[in-house]
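Survey of secondary and tertiary structure
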Amino acid sequence: MDRKGRYIILAGKKLVIPPKRYKGETSVISARLPNDMIRALDRIAEKTGRNRNEIIMLCLEFAIDNLEAEADERGGGA
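This write-up is about the structure you can find in this document.

**Re the overall build of the chain**
- The number of helices and strands found in the chain is 2 helices and 0 strands.
- Nonlocal contacts in the chain, meaning residues at least 24 apart in sequence, comprise 61% of its contacts between residues at least 6 apart.

**Observations concerning a nonpolar patch on the surface**
- The grouping of L60, I64 and L67 at the surface amounts to a nonpolar patch, some 320 Å² of accessible area in total.
- Position of I64 among the secondary structure elements: in helix α2 (residues 52-66).

**Describing the packing of helix α1 (residues 35-48) against α2**
- With their axes 9 Å apart at the nearest point, α1 and α2 run at an angle of 105° to one another. Judged on the interaxial angle alone, α2 and α1 are roughly perpendicular. Of the residues in α2, those in contact with I38, L41, D42, I44, A45 and T48 of α1 are R52, I55 and I56.
- Across the contact of α1 with α2, the residue classes tally to 6 nonpolar, 1 polar and 2 charged.

**Here we look at the environment of D42**
- Within the fold, D42 resides in helix α1.
- By relative accessible area, D42 is classed as partly exposed at 29%.
- Each C-alpha atom of the pair D42 and I55 lies 8.6 Å from the other, and the pair is 13 residues apart in sequence.

**A look at the environment of L33**
- Secondary-structure assignment places L33 in the segment before α1.
- Overall, the relative accessible area of 34% leaves L33 in the partly exposed class.
- When residues no more than four places from it in sequence are discounted, the contact partners of L33 are I38 and L41.

**Let's talk about the pattern of salt bridges**
- Applying the stated rule across the entire model yields 3 salt bridges.
- Here R50 and E54 are joined by a salt bridge, their closest N and O atoms 3.9 Å apart. Taken individually, R50 and E54 each receive the classification buried, so the pair is uniform in this respect.
- Ionic pairing is found between R74 and D72, a salt bridge with its closest N-O pair at 3.0 Å.
- Of the residues examined, R74 reaches a relative accessible area of 75% and is grouped as exposed.
- Overall, the relative accessible area of 32% leaves D72 in the partly exposed class.

Definitions and cut-offs
Along each chain, residues carry numbers from 1 onward, in the same order as the chain's sequence is written. Reporting of local features is limited, given that this is a predicted model, to residues whose pLDDT is at least 70; pairs of side-chain atoms are given and counted only at 80 or more, and all residues count toward the totals for whole chains, interfaces and linings. As a convention, hydrogens and water are excluded, and side-chain values are obtained from all of the structure's heavy atoms. Note on conventions: DSSP H or I runs of at least 4 residues are helices, E runs of at least 2 residues are strands, and numbering of each starts at the N terminus. Here, residues are in contact when the closest pair of their heavy atoms is within 4.5 Å. Two joining distances apply to patches: 9 Å for like charges and 5 Å for nonpolar side chains (Val, Leu, Ile, Met, Phe, Trp, Tyr), and every residue must have over 30% relative accessible area and no salt bridge. Throughout, the Shrake-Rupley method with a 1.4 Å probe supplies accessible areas, and for residues the shown protein chains are the sole cover considered. Just to be clear on terms, a salt bridge is a Lys or Arg side-chain nitrogen sitting within 4 Å of an Asp or Glu carboxyl oxygen. Simply put, an axis is a line fit to the C-alpha atoms, just over the touching stretch for a helix, and the angle between two N-to-C directions goes from 0 to 180 degrees. Any angle from 65 to 115 degrees is called roughly perpendicular, while one under 35 is roughly parallel, one over 145 is roughly antiparallel, and all others are oblique. Nonpolar residues are Ala, Val, Leu, Ile, Met, Phe, Trp, Tyr, Cys and Pro. Charged residues are Asp, Glu, Lys and Arg, and all others, Gly as well, are polar. Only protein chains enter the accessibility calculation, which uses a 1.4 Å probe. A residue is then buried if its area is under 20% of the maximum for its type, exposed if over 50%, and partly exposed in between.

Listed below in structure tokens is the structure:
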């Protein structure tokens, strides 16, 4: 999301669902997501034959690989 709370759209980028790839140990986390986002994830999971967790992991991997983190101008934050 940008600073105004809007989702950022990456022009010219696509998330391609590759073959399954597992690496390293895993941990369980919890996150609150809007219901419409969960429904969208579930539609993608159904369409691709993957489960919701796999779709979320692929989306997060894509985001991490393609993001630019801006420094917090307030001087704090981690």
